[in-house]
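# Coordinate inspection notes
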Amino acid sequence: MAPSLANVVAPNVASIGGNKDNHVDSLDRVDGYERYHAVHGGDVSARRSAYADMVNKYYDLATSFYEYGWGQSFHFGVRYRGETLPESIKRHEHYLAMKLGVGEGSHVLDVGCGIGGPLREIATFTGAGITGLNNNQHQIGRAEEITRDAGRGLSERCHYVKGDFMHLPFEKETFDAVYQIEATCHAPSLKDVYAEVLRVLKPGKVFAGYEWCLTDAYDEGVEEHRRIKQEIEIGNGLPDIKTCQECLEALRAAGFQVLEAKDLSENQQVPWYEPLDPNRFSLSAFRTTSMGRFITRNFVRLLEVLRVAPPGSSRVSHFLEEGADGLVAGGKMNLFTPMFFFVAMKPN
């Protein structure tokens, strides 16, 4: 395990904030991000009004940890017994791609593309040309670098644009399909971000996605439920998690016709939160077990002491663990789902 940590954790954690030139202000970024959240005195209104700054700070700080612990596709997936996590993630992307009904010659938009893992997979699977929209320059740089290195002609069909999904930098009726995978949960208003998607989508075409939502079991009046929600929000850069019903209402209010909607987390053979549960042991997902977390946590501290990792790296590791614990608790209590799936059409 030690060689793996040295080869993988060190370069990833050292790149927090984008590059070593940003190490000098990394502690300010951590302070600024934490202050947005309730456990540090923040509130929902501040997170909504300054969503772009909050989410940018979050991904500047968290992307390297995500890539180390999860790979290039930063999302969950419906998983069957005997199936690996990477296999389930790839199938999750294929399932969405099939609902889009796209192929060679199609022009598709990925809203909130991360470092482009799903985008590259869906482009390969369908043959479509895909534009990834992201407001974080560090992630765009990683996406472009990985796409170039991947070869297979992907650089000709996969493109990345820096922009705010609340103000999409595209003309109306530009795209043959739009999708988002666990991305618009960062928006201050689901209705407004969905309305922007409607604007750039061609009539009769579809918008599909996996949304992070609270279930009907969530009760705002229960202190434990509120604590779990707050842990998920600080650990994942979220302004305010909405319910599944609020997601549907936002789609309709934006002008979409909802064709399909369901919580794919129900009745899974392997719970979606299983990879994050520290109480299970897995060699294939050792990094997220209790022992894996312990080793990573202390190695990050060592890197910070040695000034390989920027100041505040341990605090980033802590709030990401806090978010993971909130996700596991929310999943086990059926308070939260990361895969409320929908397909919605722009009327002709």
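In this report, we go over the structure that sits alongside the text. Computed from a predicted structure; not experimentally measured. (Residues numbered from 1 in each chain as written. Predicted model: local features only at pLDDT ≥ 70, side-chain atom pairs only at ≥ 80, totals over all residues. Heavy atoms only, no water.)

## Let's talk about the overall build of the chain
For the chain, the helix and strand inventory stands at 13 helices and eight strands. Scored against the burial criterion, the 348 residues of the chain give a buried share of 57%. Contacts spanning at least 24 positions in sequence make up 77% of the contacts within the chain whose residues lie at least 6 apart. For the chain, the accessible surface area stands at approximately 14,600 Å², while carbon and sulfur atoms represent 51% of it. (Helix = DSSP H or I, 4+ residues; strand = E, 2+ residues; numbered from the N terminus. Buried < 20%, exposed > 50% of the residue type's maximum accessible area, 1.4 Å probe, protein only. Contact = heavy atoms within 4.5 Å. Areas by Shrake-Rupley, 256 points an atom, 1.4 Å probe, with all protein chains shown as cover.)

## Describing the nonpolar core
Counting residues in hydrophobic clusters, the biggest one holds 48 residues, and the most contacted among them are L96, L100 and Y179. What Y179 contacts, discounting residues up to four positions off in sequence, is L96, L100, V108, L109, D110, V111, P118, L119, I122, I130, F207 and A208. With 30 residues, the next largest nonpolar core counts L190, V197, L251 and A254 among its residues. (Core = buried A, V, L, I, M, F, W, Y, C linked by side-chain atoms within 4.5 Å.)

## Side note on helix α6 (residues 117-126)
Here α6 lies mainly inside the structure; eight of its 10 residues are buried. Looking one or two residues past α6, G127 carries a phi angle of roughly 85°, positive in sign.

## A word on a nonpolar patch on the surface
Taken together, the side chains of L302, V305 and L306 present a nonpolar region at the surface, about 300 Å² in accessible area. By the secondary structure assignment, L306 is in the loop between α12 (290-305) and α13 (313-332). Looking at L306, the relative accessible area reads 53%, which means it is exposed. (Patch = residues over 30% accessible without salt bridge, like charges linked within 9 Å, V, L, I, M, F, W, Y side chains within 5 Å. Salt bridge = Lys/Arg side-chain N within 4 Å of Asp/Glu carboxyl O.)

## Digging into helix α5 (residues 85-100)
When the terminal C-alpha atoms of α5 are compared, their 23 Å separation across 16 residues agrees well with the 22 Å that a helix rising 1.5 Å per residue should span. Within α5 the residues assigned to the buried category are L85, S88, I89, H92, E93, H94, L96, A97 and L100. Tucked inside the fold, the buried residues of α5 contact α4 (51-70), β1 (107-111), α6, β4 (175-181), β5 (201-214) and β8 (336-345). Backbone geometry just after α5 places G101 at a positive phi near 65°. (Expected span 1.5 Å × (residues − 1).)

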